[in-house]
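Topology and contacts: notes
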Amino acid sequence: APTQCQYPHGCGQGVLVVKLDASGGVVWQRCFNSFDASGNPTASEHALSMTSTTDGGVLVAGNWGNVSATSVCCRGALLLKLDANGLVQWQKALSGGVHCHAGIGKTTCTAIGAIVYSVHQTADGGFALAGAGQQKLAGGVPLVPWLAKTDADGNLLWQHFYSQPYLTQWFASSDLTASGGHIAVGFSHN
């Protein structure tokens, strides 16, 4: 579980959150990462988006990956809910597990997950996530546009993958529509 590390010692590849006042002065700053009993980082965590929450806190979103495992495991979307003082209320490390598929002469296993590039709080207190997810296919796990919805505690309610054959695509930004739907924009590479 990510724990708070002390500034200015740094966090390795962790999450840095800074709250500033109206003049740009630092109110507080926090950094987070996962450590083993010896103090060595066990994960690489990246913050890519955040949103203010209705309770005065923030939800930080991005991705994480296990850096200490010797086997193929694990990675996925990272959600970190902070209160108004920057203290952790809860965290979720969403992962798709490991997907193995037969290749030419061998089986290949890949850790699968998602990257959150955009997050918004929804009217019901949950969160809408947009970014890129790895879709499980017979021949691999391509990165495709991904939308997901969680409840107010970060528990995954649904997720959808949107893909076109022979294209690399992802959602870079999103928003909520007045009707309660989602709109997303991103990149496509042939």
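The rules behind each value
- Residues numbered from 1 in each chain as written.
- Predicted model: local features only at pLDDT ≥ 70, side-chain atom pairs only at ≥ 80, totals over all residues.
- Heavy atoms only, no water.
- Helix = DSSP H or I, 4+ residues; strand = E, 2+ residues; numbered from the N terminus.
- Buried < 20%, exposed > 50% of the residue type's maximum accessible area, 1.4 Å probe, protein only.
- Polar contact = N/O pair within 3.5 Å; in protein donor to acceptor, adjacent residues only side chain to side chain.
- pLDDT = per-residue confidence, 0-100.
- Phe/Tyr/Trp six-rings, centres within 6.5 Å; stacked < 30°, edge-to-face > 60°.
- Salt bridge = Lys/Arg side-chain N within 4 Å of Asp/Glu carboxyl O.

**Description of the side chain of Ser 49**
- Along the chain, Ser 49 turns up in strand S4 (residues 43-52).
- Assessed through its relative accessible area of 16%, Ser 49 is described here as buried.
- From its side chain, Ser 49 meets the backbone nitrogen of Val 119 in a polar contact 3.4 Å long.

**Things to note about the confidence of the model for the chain**
- Per-residue confidence for the chain averages 82 on the pLDDT scale, and 86% of its residues sit at or above 70.
- Looking across the chain, the model is least confident in strand S1 (residues 3-5), with a mean pLDDT of 44, and most confident in strand S10 (residues 114-121), with 94.

**Description of the packing of aromatic side chains**
- Per the counting criterion, the structure on display carries two aromatic pairs.
- With 6.0 Å between their ring centres and 55 degrees between their planes, Tyr 162 and Phe 171 make a pair best called tilted.
- Under the relative-accessibility criterion, Tyr 162 is labelled partly exposed at 36%.

**Section: the environment of Ala 128**
- Structurally, Ala 128 can be placed in strand S11 (residues 127-134).
- By relative accessible area, which is 4% here, Ala 128 ends up buried.
- For the pair Ala 128 and Asp 151, spaced 23 residues apart in sequence, the C-alpha to C-alpha distance is 9.1 Å.

**Notes on the pattern of salt bridges**
- Within the structure shown, the criterion is met by two salt bridges.
- A salt bridge links Lys 81 to Asp 55; its shortest N-O distance comes to 3.1 Å. One end of the pair, Lys 81, is in strand S6 (residues 75-82); the other, Asp 55, is in the loop between S4 and strand S5 (58-66), with 26 residues separating them in the sequence.
- Given the relative accessible area of 4%, Lys 81 is considered buried.
- Across the pair Lys 149 and Asp 124 runs a salt bridge, and its minimum N-O distance is 3.0 Å. Pair noted here: Lys 149 is in strand S12 (residues 143-150) and Asp 124 is in the loop between S10 and S11, with a separation of 25 residues, a long-range link.
- For Lys 149, a relative accessible area of 8% translates into the label buried.

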